[in-house]
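Structure at a glance
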Amino acid sequence: MDPETLYGVFDAVPGEPSEPGVAEPGTGPYGGDMPRPRYNIAPTTDNLVVRVRPAGEDDQPPVRRIDLLRWGLVPSWAKDPSVGNRLFNARAESVGEKPAFRRALARRRCLVPASGWYEWQKLAQGEATGGRGPAKQAFYLTPEDGSVLAFAGLWEYWRPAGADRGGDGDRGGDADPDGGDRDGTPADRTPIVSYTILTTASVGALQGIHPRMPLVLPASEWDAWLDPSREDVAELLEPPDEDLVAQLELRPIGTRVGNVRFDDPSLQQQVTPAPGAVGSDRTADGDLMLPLALP
DNA sequence: CCAGACGTTGTT
DNA sequence: GTCTGG
DNA sequence: CCAGACGTTGTT
DNA sequence: GTCTGG
């Protein structure tokens, strides 16, 4: 997706230029560089996220802001930020009870824009291919009308122990473009603002591919999800409506998407689905699937 | 009390 | 930080 | 999630 | 097999 379109889609503005721990997306149409569109996003990388208020400035009217946050939520109490490497998803069914996510669910919800997402369907070991056939089929799930999706997310602020420099964002504006500090402070002492994506049970045809899916929020729920004063989000944590899922294209794609060093539009090129995969006209054994006789 | 976890996915 | 397990 | 690494002693 | 990195 084109990152610049996101400001319009989400009625958002660029984030504060000096928020510690946040890589700058740039100001886009307001005058700076935006990150290039991405086609293969991996956990631990910085990606665009929509938030209302990155830090507690309580008086100002709510403004949606877009920043680059690290995918993989690092809890504020973590001693080592690598614990966030595995916290890139949070189950919607239990997120309110997990120590790592509970506080963020109550106070720091966010939206993660995406043009779609990838999923792997595990296939029965193909006997017809002598076991050498592909054991899995990748899919790109994307709205047929090209609209932008928003995944429900949570974000968190982490500061290394002992790093005691005060300032919650608007002071000490030393906009350091690269990760490290000028004074030689290693990167593992810099603050990190990170996020996680909620998952839920798959809906409709997606169940044939994978039992889980990201919690996709319809645009009508974006405002409520982002509103930090909203107390009861149980309704928003329910799986998406079937009609939302019915608007998605389930596009079989090649296996290169599994390797993060590939990151270009060709990853989303449609391929013939493997036998037994969703959309294939052949069974897992390679036999042609015949249409059912109608009465 | 202290120590240790704190999570999800998927199980050819 | 807060909860669970020993 | 998938891809890729996974390690020490001792230096024949 | 299991962990780390992207």
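Structure's up top.
These lines cover the structure that appears in this document, whether it is placed above or below. (Residues numbered from 1 in each chain as written. Chains lettered and ligands numbered in written order. Predicted model: local features only at pLDDT ≥ 70, side-chain atom pairs only at ≥ 80, totals over all residues. Heavy atoms only, no water.)

**Focus: the sheet that holds strand β7 (residues 136-143)**
Note on sheets: strands pair through backbone hydrogen bonds, and any given pair is parallel or antiparallel. With respect to topology, 3 strands assemble into an open sheet ordered β6-β7-β11, the strand pairing being antiparallel. One side of each edge strand has no neighbouring strand; the edge strands of this open sheet are β6 (117-122) and β11 (248-253). On average, each strand axis in the sheet is tilted by 30 degrees relative to the strand beside it, whichever way the strands run. Note that β6 and β7 share 6 bridges and pair antiparallel. Residue pairing across strands places Q121 opposite Q137, the latter belonging to β7. (Pairing = 2+ DSSP bridges. Helix = DSSP H or I, 4+ residues; strand = E, 2+ residues; numbered from the N terminus. Axes fitted to C-alpha atoms, helices over the stretch in contact; angles between N-to-C directions.)

**Things to note about the side chain of T196**
Relative to the helices and strands, T196 resides in strand β9 (residues 192-201). From its side chain, T196 meets the backbone oxygen of L87 in a polar contact 2.9 Å long. Setting aside residues up to four positions removed in sequence, T196 forms contacts with W71, L73, L87, F88, N89, A90, F101, A152, G153 and L154. (Polar contact = N/O pair within 3.5 Å; in protein donor to acceptor, adjacent residues only side chain to side chain. Contact = heavy atoms within 4.5 Å.)

**What about the protein's contact with DNA strand D?**
DNA strand D sits among P43, F88, W120, K122, K136, G258, N259 and R261. In the interface set of DNA strand D, defined as its atoms within 4 Å of the protein, sugar plus phosphate atoms amount to 75%. Within the backbone of G258, an N or O atom sits 3.2 Å from a sugar or linking oxygen of DNA strand D. Contact between DNA strand D and N259: a sugar or linking oxygen at 3.3 Å from a side-chain N or O atom of the residue. (Near = heavy atom within 4 Å.)

**Notes on the pattern of salt bridges**
Taken as a whole and assessed by the stated rule, the structure comprises 9 salt bridges. Between E93 and R91 there is a salt bridge, and its shortest N-O distance comes to 3.9 Å. Given a relative accessible area of 45%, R91 falls into the partly exposed group. A salt bridge links E156 to R108; the nearest nitrogen and oxygen atoms lie 2.8 Å apart. On the criterion of sequence distance, the pair formed by E156 in strand β8 (residues 149-158) and R108 in the loop between α2 (102-107) and β5 (109-114) is long-range, its members being 48 residues apart. Of the two residues, E156 and R108, both sit in the buried class. (Salt bridge = Lys/Arg side-chain N within 4 Å of Asp/Glu carboxyl O. Buried < 20%, exposed > 50% of the residue type's maximum accessible area, 1.4 Å probe, protein only.)

**What to know about the pairing of strand β2 (residues 46-52)**
Of all 7 residues making up β2, 6 are buried, and the element is well covered by its neighbours. Note: β2 against strand β3 (residues 64-71), 7 bridges, orientation antiparallel. By the bridge assignment for β3, R51 is matched with R65.

**Concerning the protein's contact with DNA strand E**
Residues in contact with DNA strand E, as listed here, are A42, P43, T44 and V260. Contact between DNA strand E and T44: a base nitrogen at 3.1 Å from a side-chain N or O atom of the residue. Among the residues making up the surface near DNA strand E, the classes are represented as 3 nonpolar, 1 polar and no charged. (Nonpolar A, V, L, I, M, F, W, Y, C, P; charged D, E, K, R; others polar.)

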